[in-house]
Amino acid sequence: MRSFDDAQGNRWEAAMLDASYGIMLVIFSRMGGDEVLKNELDAASLLEAEQLLAAMDEASLRAALLTAIPWN
């Protein structure tokens, strides 16, 4: 799990989810709010996805957040 601030200063947490059919999702949740977003990550396994998430800098996390869609 990673924590970071968006461009507006909101604090977010990003965590990996191994979804069905081998799809890896980054789940973003805004701290102090109820907003939950998701974005697909191109990875072959949960381990690889977690390594990619750990290697992302804050600019990459913000970019992934900008293209994330609401969790339904």
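This text gives an overview of the structure that appears in the document.

Conventions and cut-offs
- For every chain, the first residue of the written sequence is number 1, and numbering continues from 1 onward in sequence order.
- Local features in a predicted model are, by the rule used here, given only for residues with pLDDT of at least 70; side-chain atom pairs are given and counted only at 80 or more, and totals for whole chains, interfaces and linings are based on all residues.
- The side-chain numbers reported here are obtained from all heavy atoms of the structure, hydrogens and water having been left aside.
- Stacked, edge-to-face and tilted labels apply to pairs of Phe, Tyr and Trp rings (six-membered ring for Trp) whose centres lie within 6.5 Å, assigned for plane angles under 30 degrees, over 60, and everything in between, in that order.
- Strands here mean DSSP runs of E at least two residues long; helices mean DSSP runs of H or I at least four residues long; both are numbered from the N terminus.
- Each residue gets one of three labels from its accessible area relative to the maximum for its type: buried under 20%, exposed over 50%, partly exposed in between, using a 1.4 Å probe on protein chains only.
- Whether a charge sits over a ring depends on NZ of Lys or CZ of Arg being within 6 Å of the ring centre and within 35 degrees of the ring normal.
- Pairing between strands is defined by DSSP: at least two bridges between the two strands are required.

## Remarks on the packing of aromatic side chains
Here's step 1: Following the criterion strictly, the structure yields 1 aromatic pair and no others.
Here's step 2: Here the aromatic rings of Phe4 and Phe28 are separated by 6.0 Å at their centres, their planes lie at 80°, and the arrangement is edge-to-face. Highlighted residues: Phe4 in strand S1 (residues 2–5) and Phe28 in strand S3 (residues 24–30), separated in sequence by 24 residues.
Here's step 3: By relative accessible area, which is 0% here, Phe28 ends up buried.
Here's step 4: Taking the ring centre of Trp71 as reference, the NZ or CZ of Lys38 above it sits at 5.4 Å.

## A closer look at the pairing of S3
It is a general feature of regular strands that their side chains alternate between the two faces of the sheet.
Here's step 1: Here S3 lies mainly inside the structure; 5 of its 7 residues are buried.
Here's step 2: Summarising the sheet, strand S2 (residues 11–18) and S3 pair through 7 bridges and their orientation is antiparallel. In the strand pairing of S3, Leu17 is matched with Leu25.
Here's step 3: Pairing between S3 and strand S4 (residues 36–41): 6 bridges, direction antiparallel.

## Some words on the pairing of S1
Here's step 1: The alternating pattern of S1 places Arg2 and Phe4 on a buried face, while none of Ser3 and Asp5, on the opposite face, is buried.
Here's step 2: The pairing of S1 with S2 spans 4 bridges and is antiparallel. If you follow Phe4 over to S2, its bridge partner there is Trp12.
Here's step 3: Between the end of S1 and the start of S2, which pair antiparallel, lie 5 residues, with Gly9 showing a positive phi angle near 90°.

## Remarks on unusual backbone geometry
Here's step 1: Residues other than glycine seldom take positive phi values, yet Tyr21 does so here, at roughly 60°.
Here's step 2: In this structure, Tyr21 sits in the loop between S2 and S3.
Here's step 3: Overall, the relative accessible area of 82% leaves Tyr21 in the exposed class.

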